[in-house]
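Secondary and tertiary structure notes
Residue-level listing of the chains:
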Amino acid sequence: ANKGRTDVWLIGADGKNLRRLTSHPASDFNARWSSCGRCVFFLSTRSGSAQVWRIKIDGGEAEQVTHLPLDAGNLVVSQAGDLIAFTLDVFPGETPAATAKRLEEIHNAKATGRLYDRLFIRHWDTWSDGRRSHLFVMSKRGGEAKDLMPSMDADTPHKPFGGPEEIAFTPDGKGLVFTARDAGREEAWSTNHDLFYVPADGSKAPARLTGDNKAWDTTPVFSPDGKTLAYLAMARPDYEADRFRIVLRPWPGGKDRVLTESWDYSVGSMCWSADGTKILVSAADRGQTALFAVDAGTAKAERIVGQGTVDGFGPAGERIVFQRHALKSPTEIYSIGSDGTGERPVTAINAAKIGAARMGEYEQYSFKGWNNETVYGYVVKPVDFDAAGKYPVAFLIHGGPQGSFGNDFHYRWNPQAYAGAGYAVVMVDFHGSTGYGQAFCDSIRGDWGGKPLEDLKKGLAAALAKYPWMDGSRVGALGASFGGYMINWIAGAWPDGFRCLVSHDGNLDERAAYFDTEELWFPEWDHMGTPWDNPRGYEKHNPVNHVKKWKTPMLIIHGGQDFRVVETQGMSTFNALQRRGIPSKFLYFPDENHWVLSPANSILWHETVIGWLDQWLK
């Protein structure tokens, strides 16, 4: 059907009694337990828009709770009262009904022009129309939805990737704590998200809780006894990849204590242990995303799960239930003892498909990179591996640049797609990658084309030397986002390195890209200022300055709804290649953003990319 859909499922923490609670052709998602534990609230599009629904776990049909004129999102449920909370995109100061009426008027108007007087004009893949994602509450039984931040010109959760983890009911159910960036005209170059408290009855305006910190504050989580609020905080303003520390605040008032200042890991998500003595956290860890238990008193961290990518977890009695995926397996649920022993599977939903799929074996390797520092990477073998064979190489370069190609399973840039096509796969976590300490992550600032390129060169050479079944004369390099930028940089700075290149959503001209993009804090931090204050920061490693050296065949891919790296950057790259007579192709998706999300488009993407590799490497 060229679309995805999700259902709500239920299973015992011991792995027994798996059953599907919902089976509607529409999508059911964002499930939350009621306080009584006998029913589940969830969001569903089955009515034609996203609304809150409820279903009893012992049987029966789902019941619609909200009948709102707008889509609801980010559902949270009070465990101590009669309220649910969710978000609606409204014009500040206007009701959902008034917003819906105004949207209809805009849709029916003959003039299509929009007038802006501040940024963002557009963000990620959406043009701004003045609406904001506001927090609403209503009774679990239905009724009127109340906007708790009616006059705020800000979003909760943050866009485009924030979720319900940025919203929490207080322990007594009489208030909520939420995350928002209320930065006024500076929003496009500020990362100053704060926590706000608001009474659930809307009797007072939201109060800023973290105004002293001008960097990012988020993810409020209350302890089981209700006496402590834990949240995540960065320390450096305007830097989106700073380290997230755990901060503890006595509730309802008291002095903050930074719990993990000396722990050189950036927390991804967190929750409290059942007894409230520890905080369970996920954090990138040398090519894995591990699960740790951090003592709430001493800050001592104990690794509970160290392999694969853990991306969801919580206490279940004396055990911990968690989700994990890895390079050979999509997400399943597992449980483990709180001491990190006795791991066992809870689900095996993907077992039949995994059993029928051929996948390549993988291993992590290390080498001496820039400044003789240890750098890590992964190698994935072709599925029909023969140690006596010689295999062409797909050299994948991750985006971010503060990111990682780690031990995970995903539906974009999955190395198994190349292994299945007969390629050896090499992935290097160059300087700037996450999971190797904050200094390693920070090191890319002002040096996009320096340390990372040296690591990529040394990492590929180390892999070719270590694995004799790789054919070093048949190597293609591929990357997206920062990886796409790096492909464009490699074309001029390493022109003899590869038989072919693939550049997806990559910048050709860093100076022009500043004026094209939306989140200005990103280039201002990484390139150390604006183009007018620090022009050298944008020209130092600018691919457009080295187009004359290009000679390697390149496939360029771009999405028309990509407002982070705009489509003209890809078109400019193709123009340069065609004008210089270099073999090249341009794959354009008018309806895709920075990612390729449509299943049919994903298939076309993979067929085109692997066909390009086959043309030049086989």
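Above this text you will find the structure in question.
Residues numbered from 1 in each chain as written. Predicted model: local features only at pLDDT ≥ 70, side-chain atom pairs only at ≥ 80, totals over all residues. Heavy atoms only, no water.

Thoughts on the sheet that holds strand β3 (residues 28-33)
Definition in use: For two strands to count as paired, DSSP must find a minimum of two bridges between them. Runs of E in the DSSP output that reach at least two residues are strands. Runs of H or I that reach at least four are helices, and both are numbered from the N terminus.
Pairing within the open sheet is antiparallel, and its 4 strands lie in the order β3-β4-β5-β6. Each of the sheet's edge strands pairs with one partner strand only, and the pair in question is β3 and β6 (63-64). Relative to β6, strand β5 (residues 51-56) runs antiparallel, the two sharing 2 bridges. Looking at the pairing, W53 lines up with Q64 of β6.

So, the packing of helix α5 (residues 451-466) against helix α6 (residues 482-493)
Our working definition: Lines fitted to C-alpha atoms define the axes here, with helix axes fitted over just the stretch in contact, and angles between the N-to-C directions of these axes take values from 0 to 180 degrees. Oblique is the label for any angle not under 35 degrees, not over 145, and not in the 65 to 115 range, which are roughly parallel, roughly antiparallel and roughly perpendicular in turn. By definition, residues are in contact when any of their heavy atoms lie within 4.5 Å. Gly counts as polar in this scheme, as do all residues outside two lists: the nonpolar Ala, Val, Leu, Ile, Met, Phe, Trp, Tyr, Cys and Pro, and the charged Asp, Glu, Lys and Arg.
The geometry of α5 relative to α6 is characterised by a closest axis approach of 11 Å and an angle of 75° between their N-to-C directions. The angle between the axes of α5 and α6 places the two elements in the roughly perpendicular class. Contact with α5, carried on its side by P452, L453, L456 and K457, involves F482, M486, W489, I490 and A493 of α6 and no other residues of that element. Across the contact of α5 with α6, the residue classes break down as 8 nonpolar, no polar and 1 charged.

Details of the pairing of strand β19 (residues 245-250)
Applicable threshold: Accessible area is worked out with a 1.4 Å probe on protein chains only. A residue is then buried under 20% of its type maximum, exposed over 50%, and partly exposed in between.
Burial analysis of β19 places 5 of its 6 residues in the buried class, which makes it a mostly covered element. Bridging between strand β18 (residues 228-233) and β19 involves 6 bridges; their strand directions are antiparallel. Pairing of L232 across the sheet is with I246, part of β19. Summarising the sheet, β19 and strand β20 (residues 257-258) pair through 2 bridges and their orientation is antiparallel. Bridge assignment links V247 to a residue of β20, and that residue is V258. Hairpin connection between β19 and β20: a loop of 6 residues separates the two successive antiparallel strands.

Description of the pattern of salt bridges
Defined as follows: The salt bridge definition used is simple: a Lys or Arg side-chain nitrogen within 4 Å of an Asp or Glu carboxyl oxygen.
Using the criterion set out here, one finds 38 salt bridges in the structure. The salt bridge partner of R20 is D7, with a shortest N-O separation of 3.5 Å. With R20 in strand β2 (residues 19-20) and D7 in the segment before β1 (9-10), this pair connects stretches of sequence that are 13 residues apart. Residue classification places R20 among the partly exposed positions, given a relative accessible area of 43%. Here D7 falls in the buried class, since its relative accessible area comes to 18%. Salt bridges sharing common partners tie together D89, R118, R132, D153, D155, K159, R181 and E187.

Focus on the pairing of strand β8 (residues 83-90)
The element β8 is largely enclosed, with a buried count of 6 among its 8 residues. Bridge count for strand β7 (residues 72-77) against β8 is 4 bridges, and the pairing is antiparallel. From the neighbouring strand, A72 faces β8, where its bridge partner is L88. In textbook terms, the turn of a hairpin is the stretch between consecutive antiparallel strands, and for β7 and β8 this stretch comprises 5 residues. Across 8 bridges, β8 lies against strand β11 (residues 132-139) in antiparallel orientation. Across the sheet, residue A85 finds its bridge partner in β11, namely V137.

Some thoughts on the nonpolar core
Note the cut-off: Side-chain atoms within 4.5 Å link the members of a nonpolar core, which is a set of buried Ala, Val, Leu, Ile, Met, Phe, Trp, Tyr and Cys residues.
Grouped together as the largest cluster of nonpolar side chains are 47 residues, with contacts concentrated most on F395, V426, V428, M470, M486 and F498. Looking at this core element by element, the count peaks at 7 residues for α6. Those residues in contact with V426 that sit more than four places away from it in its chain are Y365, Y378, V379, V393, A394, F395, L396, A463 and M470. Counting residues in each nonpolar core, the second largest holds 29 residues, with L327, Y378, V383 and L587 among its members.

Observations concerning the layout of surface pockets
Rules: Cavities and pockets are defined on a 1 Å grid built over the protein atoms alone: a cavity is a set of grid points where a 1.4 Å probe fits but cannot escape, while a pocket is an open set with protein on both sides within 12 Å along at least five of seven lines, and lining residues are those with an atom within 4 Å of any such point. Grid points are joined across faces, edges and corners, and a volume is the space filled by probe spheres set on the points.
Reported here for the second largest pocket is a volume of approximately 1500 Å³. Around the second largest pocket, the lining comprises 50 residues; the ones closest to its centre are T126, S128, D129, R131 and K159.

Let's talk about the side chain of T309
Quick reminder of the rule: Definition of a polar contact: a pair of N or O atoms within 3.5 Å, with one able to donate and the other able to accept a hydrogen when the atoms are protein atoms, and with sequence-neighbouring residues admitted only if both atoms are side-chain atoms.
By the secondary structure assignment, T309 is in strand β25 (residues 309-316). Among the polar contacts made by the side chain of T309, one reaches the main-chain carbonyl oxygen of N407 at a distance of 2.8 Å. Other than its neighbours up to four places away in sequence, T309 contacts T289, Q323, R324, H325, N407 and D408.

What about the packing of aromatic side chains?
Put simply, the rule is: Planes of paired rings set the category: under 30 degrees apart is stacked, over 60 is edge-to-face and the rest tilted, where pairs are Phe, Tyr or Trp rings (Trp by its six-membered ring) whose centres lie within 6.5 Å.
Applying the stated rule across the entire model yields 38 aromatic pairs. Measuring from ring centre to ring centre gives 6.2 Å for W216 and F244, while their planes differ by 75°; the resulting arrangement is edge-to-face. You can see W216 sitting in the loop between β16 (207-208) and β17 (217-222) and its partner F244 sitting in the loop between β18 and β19, a full 28 residues away along the chain. Neither W216 nor F244 differs from the other in exposure class; each is buried. The interplanar angle of 55° and the centroid separation of 5.2 Å between the aromatic rings of Y265 and F292 together place this pair among those described as tilted.

Shape descriptors only; they carry no functional weight alone.
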